[in-house]
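# Commentary on secondary and tertiary structure
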Amino acid sequence: MVDYHSAGQPYPYGGNGPGPNGDYMAQEDDWDRDLLLDPAWEKQQRKTFTAWCNSHLRKAGTQIENIDEDFRDGLKLMLLLEVISGERLPKPERGKMRVHKINNVNKALDFIASKGVKLVSIGAEEIVDGNAKMTLGMIWTIILRFAIQDISVEETSAKEGLLLWCQRKTAPYKNVNVQNFHISWKDGLAFNALIHRHRPELIEYDKLRKDDPVTNLNNAFEVAEKYLDIPKMLDAEDIVNTARPDEKAIMTYVSSFYHAFSGAQKAETAANRICKVLAVNQENEHLMEDYEKLASDLLEWIKRTIPWLEDRSPQKTIQEMQQKLEDFRDYRRVHKPPKVQEKCQLEINFNTLQTKLRLSNRPAFMPSEGKMVSDINNGWQHLEQAEKGYEEWLLNEIRRLERLDHLAEKFRQKASIHEAWTEGKEAMLKQKDYETATLSDIKALIRKHEAFESDLAAHQDRVEQIAAIAQELNELDYYDSPSVNARCQKICDQWDVLGSLTHSRREALEKTEKQLETIDELHLEYAKRAAPFNNWMESAMEDLQDMFIVHTIEEIEGLIAAHDQFKSTLPDADKEREAILGIQREAQRIADFNSIKLSGNNPYTSVTPQIINSKWERVQQLVPKRDHALLDEQSKQQSNEHLRRQFASQANIVGPWIQTKMEEIGRISIEMNGTLEDQLNHLKQYEQSIVDYKPNIDLLEQQHQLIQEALIFDNKHTNYTMEHIRVGWEQLLTTIARTINEVENQILTRDAKGISQEQMQEFRASFNHFDKDHGGALGPEEFKACLISLGYDVENDRQGDAEFNRIMSVVDPNNSGIVTFQAFIDFMSRETTDTDTADQVIASFKVLAGDKNYITAEELRRELPPDQAEYCIARMAPYQGPDAIPGALDYKSFSTALYGESDL
């Protein structure tokens, strides 16, 4: 006996299989050959093969009873081959001798071999001797060649095709899951599902139970025998009581069902083609609708946002403007990033849609007016311009309001000091005390008036400063300018009155002075020295309480230096104070020494020693307060300088990193090594590495927010602003996404067109060779050179120029002057592959219509899935031909419209 388990042994039943090269149905080799002699399997094969042979032999008016005995003389074997092939075999020998039988069997085996089946180890002697194994193997080879080999379903054939056909037909039925030709058929539901799918009136499928396999099997076998002319080839009990039914017996039985329903199979194939075309069209329509909605939403958001960014309505207070700035930051952090992602996704969806349309030989998608990708880019550019202008305006407004608040406070301080000084001065100048005064009193009044005039002149600068501040507040459009102007006008009017009254009183005193001569020199000297010293102290107090605003460490250090210089003058000022107080003490000493009774205070001045000491004490108190304020501001500016350096340090790392990644992506998109899947995985890993870098951007955003909250407006330590970083980051994300999308589209093109990896690499190599500047696109001359290298006749003559112009119109329909790699791949794929056409779809519809020139809604609903049937019915125009009937639909114009005018 031959050992079929050893390597290199022939086909299990004694042949290499029924294929022309001896390897047809080679997958049968993996069946368990030890079970070939299993009694249960042999019993099933005998019954099934006998029934199958009789289903054909009865056409010739005969049959067999014992499969390994009735074929021994070769006569019925030759008759069987003539029936199933439709051909005549050589005339058999009618003798009864062994040699006659061997010759007849050899004629049958030779006929089988002539059909492309190489028989190895199956000899006529084994058949004549009644070898059961060889006889069953021979019959199985005949079944494979004449009943199973020609089965073809969706580009699969033989066993795989038959299995796929069963899976397609039984897919809608519950409790049916056909995965093989043995245990998947034990419960009988699969047999009943096949019959019900094609002849639903014969089977009440919903009444069948999975737990009653014998009833199910008998029901299917009896219905098939009675109504489908398929003989009963197996017993239900044999199948149920076997752990694994014989695969060849089941395949033989199922192939009879396939041939019985082969007519319906052709209709299904035609329906599948139509479903495939309609599914592509429906998917494209859904993508178009999604693009239109996403584009409309994005444009509407841009339309709503730009007026808000272009609103330049100023606010009255710095708090209101800071709220606007916070709203703008919230827009930047929360509202804009999702829209950036939507814009990127929109471009990716548009490119993917156009690629799918090209691959399915459909016209290019043209969005509604105003919703092109270029329209969205223009709107986005307008948005970013408005955004940049709005941020600059906000910062300038905050600076202006900050300056206004400082000036307004300074105005109020100086005005209050001046008003306090002028209080009572007008009444004093209007006094007539000189009319009853003594000569000494008059001289005292004269000296006092001179001191007042000196004081008045010293206050002239303050009045001018108040007027200048008010003028600046008006020029900067301060919101409370009316009250400032009113107060300033009142001060100026009062100042004019004081000047006029001062002049009048001086004239009166000078007129009386000729009558008065006595003078108290010490009091006069005191008054003259005390007045300017008092003014100095008042100025010092004003300066020590003066508000300041600085933006840099250098500015605060300048103020600290000026304050230190002021403190260095305090010892001399203290000496001057002691000298002035010494004059007063000396006058008192002389008066006491000469028993002179002084009448009250110094008649020449109102500045008493108590006032001088009080103001000097106040100056002494204000100096440390000023020290503290300056040190606090110095600490603040040092903190601001730290924030500047912190931001600059991070920005000087992130900025070059983004630029480097942009250059690397450009290099990767040009060099592209390995398979497209490898490239895609590499790009996605690269994209993930970029996404993983996001915390550095977030850290920079946090540092930038601290800078803005500290109102820091410049940074000399870096050339990068946060806006530069944001724009670069968004461009980096968009670029890697686009590059990934290009590779995905190349994979889609390769798979849809059947382009091999080697062809893709050859196309890439040719493209890169002529892409001299590595820009990812070819100019017209570079593209022409590339075509010539690929064998296209586009030389510089009339015919070559015409062919080149035709090709350019295909790869560059927008006349942009460049040819992208995707357009190049699309062109080469169209040149090297084939796609569905309108004629093929029309032919498929004609099969469903039974060769009629029209089709009805009932036929569409019967042959197509419900959604695609209704899709066709809604779009097909009524048929207008001479053979039209009510409800006839024109499938030809519908099929042509699917492919646009290019296929008309």
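So, how was this worked out
Residues numbered from 1 in each chain as written. Predicted model: local features only at pLDDT ≥ 70, side-chain atom pairs only at ≥ 80, totals over all residues. Heavy atoms only, no water. Helix = DSSP H or I, 4+ residues; strand = E, 2+ residues; numbered from the N terminus. Buried < 20%, exposed > 50% of the residue type's maximum accessible area, 1.4 Å probe, protein only. Contact = heavy atoms within 4.5 Å. Areas by Shrake-Rupley, 256 points an atom, 1.4 Å probe, with all protein chains shown as cover. UniProt positions renumbered as here; feature names shortened; annotations may be inferred. Core = buried A, V, L, I, M, F, W, Y, C linked by side-chain atoms within 4.5 Å. Salt bridge = Lys/Arg side-chain N within 4 Å of Asp/Glu carboxyl O. pLDDT = per-residue confidence, 0-100. Arc of directions from axis to C-beta. Phe/Tyr/Trp six-rings, centres within 6.5 Å; stacked < 30°, edge-to-face > 60°. Pairing = 2+ DSSP bridges. Disulfide = S-S within 2.5 Å. Axes fitted to C-alpha atoms, helices over the stretch in contact; angles between N-to-C directions. Parallel < 35°, antiparallel > 145°, perpendicular 65-115°, else oblique. Left-handed = near helix turned anticlockwise from the far one by under 90°. Nonpolar A, V, L, I, M, F, W, Y, C, P; charged D, E, K, R; others polar.

What follows concerns the overall build of the protein. On a plain count of helices and strands, the protein comes out with 32 helices and 7 strands. By the burial criterion, 46% of the 904 residues in the protein qualify as buried. Pairs at least 24 residues apart make up 74% of the contacts formed inside the protein by residues separated by at least 6 positions. Approximately 45300 Å² of the protein is accessible, and the part contributed by carbon and sulfur atoms is 49%.

Here we come to the UniProt feature "coiled-coil region" (unreviewed entry) in the protein. If you check UniProt for "coiled-coil region" (unreviewed entry), the listed places come out as residues 442-476 in our numbering. Along residues 442-476 the backbone is 97% helical and 0% strand, and the end-to-end C-alpha distance reaches 50 Å.

A word on unusual backbone geometry. Even without being glycine, aspartate 229 reaches a positive phi, approximately 60 degrees. Mapped onto the elements of the fold, aspartate 229 is located in the loop between helix H9 (213-227) and helix H10 (236-240). The phi torsion at aspartate 851 lies on the positive side, around 65 degrees, for a residue other than glycine.

Nonpolar side chains tend toward joint burial in soluble globular proteins. Ile142, Trp185 and Phe191 are the most contacted members of the largest nonpolar core, which totals 78 residues. Top contributing element to this core by residue count: helix H6 (residues 132-148), with 11 residues. Not counting the four nearest positions on each side in its chain, isoleucine 142 is found in contact with Trp52, Leu77, Leu81, Ile84, Ile112 and Ala147.

Considering the arrangement of structural elements, one finds asparagine 284 in helix H12 (residues 262-309). Among the residues examined, asparagine 284 registers a relative accessible area of 3% and is labelled buried. If we skip the residues at most four places from it in the chain, asparagine 284 touches Leu353, Lys356, Leu357, Ser360 and Arg362.

What follows deals with the pattern of salt bridges. Summed over the entire model, instances satisfying the criterion amount to 56 salt bridges. The salt bridge partner of arginine 738 is glutamate 347, with a shortest N-O separation of 2.4 Å. Of this pair, arginine 738 sits in helix H24 (residues 722-753) while glutamate 347 sits in helix H13 (residues 318-359), and the two are 391 residues apart along the sequence. Judged by relative accessible area, arginine 738 falls into the partly exposed class, the value being 37%.

With that settled, consider the confidence of the model for the protein. For residues with low pLDDT, the predicted coordinates do not support detailed interpretation. Residues at a pLDDT of 70 or more form 89% of the protein, whose mean pLDDT is 81. At the low end of the mean pLDDT range in the protein sits strand E1 (residues 152-153), at 70; at the high end sits helix H8 (residues 189-198), at 93. Long-range and interchain partners of residues 515-519, a stretch whose pLDDT sits below 50, account for 15 contacts in this model, where long-range means more than four residues apart.

Here we come to the environment of glutamate 342. Topologically, glutamate 342 is positioned in helix H13. With 45 residues separating them along the chain, glutamate 342 and aspartate 297 place their C-alpha atoms 9.7 Å apart. In this view, glutamate 342 contacts Leu294 and Leu298; residues no more than four positions away in its chain are not counted.

If you check which residues of helix H29 (residues 838-848) are buried, you get Ala838, Val841, Ile842, Ser844, Phe845 and Leu848. Buried residues of H29, viewed axially, fall in a sector of 160 degrees; they line one side. Positive phi shows up at glycine 850, right after H29, with a value of about 70 degrees.

Applying the stated criterion to the full structure yields 24 aromatic pairs. Judged by centre distance (5.4 Å) and plane angle (45 degrees), the ring pair of tyrosine 291 and phenylalanine 350 falls under tilted. In this pair, tyrosine 291 is assigned in helix H12 and phenylalanine 350 in helix H13, connecting sequence segments 59 residues apart. Taking relative accessible area as the criterion, tyrosine 291 reaches 2% and is therefore assigned buried. Judged by its relative accessible area of 13%, phenylalanine 350 is buried.

Looking now at the sheet that holds strand E6 (residues 877-878). Strand order in the open sheet formed by 3 strands is E5-E7-E6, and the pairing between neighbours is antiparallel. The open sheet is flanked by strand E5 (855-856) and E6, the only strands paired with a single partner. Alignment of E6 against strand E7 (residues 888-890), held across 2 bridges, turns out to be antiparallel. Pairing of proline 878 across the sheet is with leucine 889, part of E7.

As a further point, take the state of the cysteines. Here the structure, examined in full by the defined rule, presents 0 disulfides. Here cysteine 492 is not disulfide-linked; the sulfur of cysteine 488 is the nearest cysteine sulfur, at 4.1 Å. Assessed through its relative accessible area of 24%, cysteine 492 is described here as partly exposed. Free cysteine cysteine 872: the closest other cysteine sulfur is in cysteine 275, separated by 8.1 Å. Take cysteine 872: its relative accessible area is 0%, and that puts it in the buried class.

Here we come to the packing of H6 against helix H11 (residues 247-260). Direction vectors running N to C along H6 and H11 enclose 25 degrees, while the axes themselves pass 11 Å from each other. Between H6 and H11, the angle is such that the two are roughly parallel. The chirality of how H6 crosses H11 is left-handed. Side by side, H6 and H11 meet where Trp140, Ile143, Ala147 and Ile148 of the first sit next to Lys248, Met251, Thr252, Ser255 and His259 of the second. Looking at the contact of H6 with H11, its residues break down into 5 nonpolar, 3 polar and 1 charged.

Looking at the secondary structure, you find threonine 605 in the loop between helix H20 (570-593) and helix H21 (609-671). Using a relative accessible area of 9% as the deciding quantity, one classes threonine 605 as buried. When the C-alpha positions of threonine 605 and tyrosine 526 are compared, they lie 8.3 Å apart, and in sequence the two are 79 residues distant. Each residue touching threonine 605, except ones within four places of it in the same chain, is listed here: Lys448, Tyr526 and Ala527.

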